[in-house]
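Structural overview
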Amino acid sequence: MKFGIMINEGPYTHQASDTAYHFTKAALEKGHEIFRVFFYHDGVNNSTRLTTPPQDDRHIVNRWSALAEKYKLDMVVCVAAAQRRGIADADEAKRNGKDADNLAPTFRISGLGQLIEAGIQSDRLVVFGD
Amino acid sequence: MSDDEMMQEGGTIKKFCYVNRKAPYGTVYALESLEVVLIGAAFEQDVSLIFMDDGIYQLKKNQDTSDSDMKNFSPTYRALEMYDVEKLYVEKESMEARGLTEDDLVVPVEVKTSKEISELMDEQDVVLSF
Amino acid sequence: MLLHIVNKSPFINNSLESCLRAAKKNSGVLFIEDGVYGALDNTAITPQVKKAMKDKKFFVLASDLKARGVSDGVIKGIEVVDYGGFVDLTTQYDVVESWL
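Not measured: the values here are computed from a predicted model.

A tally of helices and strands in chain A yields 5 helices and 5 strands. For chain A, the sequential pattern of α-helices and β-strands runs β-α-β-α-β-α-α-β-α-β. Scaling as 2.2 N^0.38, a compact globule of 130 residues should have a C-alpha radius of gyration of about 14 Å, and chain A matches this with 14 Å. Taken across its 130 residues, chain A has 58% of its residues classed as buried. Contacts in chain A between residues at least 24 apart in sequence constitute 80% of all its contacts with a sequence separation of at least 6.

Set out below in structure tokens:
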């Protein structure tokens, strides 16, 4: 089956991103397809490569990136939500005259249409949030 | 995919339902979910909006954010009609629990009992909750 | 038929209450995250859940019970599932609705 995953909360404060990760991993291990993982609201904060958790804690951002690399996941960060919260890739940073970018590898920034498309193309859209 | 999904102009039309249960301003969910609805309208899906619990406060008349430096997005609900988003449902039980009537709301809505809401939710292909 | 997912403790939030009000007969309800407290026996919420169990199927996520030290307290008749079981549920029901 084809799944779309939506994540509406950032890492560490809420469990949503953890739950979404374990769900996505379990679905892939069962042979299902993940059409797209879409990050919205504070969920965009899952995509900053500046995240530095303590050594003995899980690295939520890197964990997503590793899963994305292994399974070639399409992980999309909403551009409008990202701009509000200071998440930018090199292009976005340049366009908005910023002196730095922070988007982690394996994530890409795009529009909300990508979420709607995930809803249309997937057999199931599962929303994780708070 | 369910049987009643139609193919039109080469694309799939799904029943998209947005469930709004959160009050405006206290958190960003109401505003950012409205942004999804507006973008989603371009995809010409069969869209319904359900307002229940504190989500009904999103539609309250007389919102005025002039002293709080936040964006008053309540007029946007009146513009939804121009985007062909015309199915707005309010749960009767939630509305009554808050001492509100249809006259308190910025847009015409269809009031449905929780039983009718449950039937409506059950007909959907995609449920997006914020 | 819908699978409803509840991730809030019923003691501070009305998500479970609203979900049960809108959940049709034969639909599924899955407790995850802080929602797992709604699956426990001998609480003020238990009677409400037991009543709903008469015509709806209830599930709870094992790892979230375990993390909170409440694996032993689940209402009899609520099925405990792991993440694989969570995935299976989303395929068995037609649509998934999260009560955020």
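Now that the structure has been shown, we can carry on.
Further remarks concern the overall build of chain C. Within chain C, the regular secondary structure consists of 4 helices and 5 strands. Tracing chain C from N to C terminus, the helices and strands come up as β-α-β-α-β-α-β-α-β. On C-alpha atoms alone, chain C measures out to a radius of gyration of 12 Å, which is about the 13 Å that the 2.2 N^0.38 rule sets for 100 residues. Taking the principal axes of its C-alpha atoms as reference, chain C extends roughly 30 × 30 × 25 Å. Across the 100 residues in chain C, those meeting the buried criterion constitute 59%. Within chain C, contacts between residues at least 6 apart in sequence are counted, and of these 73% link residues at least 24 apart. Of note, chain C has its 12 positive side-chain charges centred 8 Å away from the centre of its 12 negative side-chain charges.

Residues and elements named next belong to chain C. Counting buried positions over the 5 residues of strand β1 (residues 2-6) gives 5, a clear majority of the element. Bridge count for β1 against strand β5 (residues 95-99) is 5 bridges, and the pairing is parallel. Residue L2 lies in a different strand from β5, and its bridge partner there is V95. Sheet analysis places β1 next to strand β2 (residues 28-31), joined by 4 bridges and oriented parallel. Across the sheet, residue I5 finds its bridge partner in β2, namely L30. Crossover handedness for the path β1 to helix α1 (residues 15-22) to β2: right-handed.

Taken together, the contact pairs 15 residues of chain C with 19 residues of chain B. The junction of chain C with chain B conceals about 1400 Å² of combined surface from both sides, 48% of it contributed by carbon and sulfur atoms. Counting the surface chain C buries against chain B, the share from its top three residues, R21, K24 and L100 of chain C, is 40%. Here chain C is connected to chain B by 4 salt bridges. With its nearest N and O atoms 3.4 Å apart, the salt bridge here joins D122 of chain B to K24 of chain C. The set of elements that each furnish at least two residues to the side of chain C that touches chain B consists of α1 and β5 of chain C.

Before going further, it helps to examine α1 of chain C. Because each turn of an α-helix spans 3.6 residues, side chains separated by three or four positions end up pointing in the same direction. α1 of chain C sits mainly inside the fold: 6 of its 8 residues count as buried. Packed against the buried residues of α1 of chain C are α4 (114-122) of chain B together with β1, β2, α2 (46-52), β3 (57-61) and β5 of chain C.

In this section: the sheet that holds strand β3 (residues 75-78) of chain A. Residue and element names in this part refer to chain A. As summarised here, the arrangement of the 5 strands in space is β4-β3-β2-β1-β5, forming an open sheet in which the pairing is parallel. With partners counted over all chains shown, the strands left at the sheet margins are β4 (107-110) and β5 (124-128), one partner each. For this sheet, the mean angle separating the axes of adjacent strands, direction not counted, is 25 degrees. Taken together, the 5 bridges between strand β1 (residues 2-7) and β5 define a ladder with parallel strand orientation. When the sheet's bridge partners are listed, I5 is paired in β5 with V126. Against the sheet, helix α5 (residues 113-121) engages β1, β2 (33-39), β3, β4 and β5, with an angle of about 150 degrees to β2.

One broad rule of soluble globular proteins: the nonpolar side chains tend to lie buried together. W64 of chain A together with Y18, Y77 and L128 of chain B are the most contacted members of the largest nonpolar core, which has 87 residues in total. Once residues lying within four places of it in the same chain are set aside, the contact partners of W64 of chain A are I7, S17, A20, Y21, T24, V37, F39, N46, M75 and F107 of chain A. In this structure, I117 and M121 of chain B together with L2 and V74 of chain C belong to the second largest nonpolar core, which totals 33 residues.

Scanning the model with the defined rule gives 29 salt bridges over all chains in all. Between R36 of chain A and D74 of chain A there is a salt bridge, with the nearest N and O atoms lying 2.8 Å from each other. In this pair, R36 of chain A sits in strand β2 while D74 of chain A sits in the loop between α2 (60-71) and β3, placing the two residues 38 residues apart along the sequence. What makes R36 of chain A buried here is its relative accessible area of 6%. Connected via shared salt-bridge partners are D42, R84 and R85 of chain A together with E32 and E35 of chain B.

Bringing α5 of chain A into the picture now. Counting buried positions along α5 of chain A gives 7 out of 9 residues, so the element sits mostly inside the fold. For α5 of chain A, the complete set of buried residues consists of G113, Q114, L115, I116, A118, G119 and I120 of chain A.

Let's shift gears to the sheet that holds strand β4 (residues 79-81) of chain C. Residue and element names in this part refer to chain C. Spatial ordering of the open sheet is given by β4-β3-β2-β1-β5, a layout of 5 strands whose pairing is parallel. If you trace the sheet from one side to the other, it starts and ends with β4 and β5, each paired once. The mean angle between the axes of side-by-side strands here comes to 25 degrees, regardless of whether they run parallel or antiparallel. Sheet topology note: the β3/β4 ladder contains 3 bridges and is parallel. Pairing of L61 across the sheet is with V81, part of β4. Contacts from α1 reach β1, β2, β3 and β5, with the element oriented near 165 degrees to β1.

Reading guide: rules and limits
Residues numbered from 1 in each chain as written. Chains lettered and ligands numbered in written order. Predicted model: local features only at pLDDT ≥ 70, side-chain atom pairs only at ≥ 80, totals over all residues. Heavy atoms only, no water. Helix = DSSP H or I, 4+ residues; strand = E, 2+ residues; numbered from the N terminus. Rg over C-alpha atoms; globule rule 2.2 N^0.38 Å. Buried < 20%, exposed > 50% of the residue type's maximum accessible area, 1.4 Å probe, protein only. Contact = heavy atoms within 4.5 Å. Lys, Arg positive; Asp, Glu negative; His and termini not counted. Charge placed at Lys NZ, Arg CZ, Asp CG, Glu CD. Pairing = 2+ DSSP bridges. Right-handed = clockwise from strand over helix to strand, strands pointing away. Buried area = accessible area lost by both parts, 1.4 Å probe. Salt bridge = Lys/Arg side-chain N within 4 Å of Asp/Glu carboxyl O. Axes fitted to C-alpha atoms, helices over the stretch in contact; angles between N-to-C directions. Core = buried A, V, L, I, M, F, W, Y, C linked by side-chain atoms within 4.5 Å.

The values are spatial; any link to function lies outside them.
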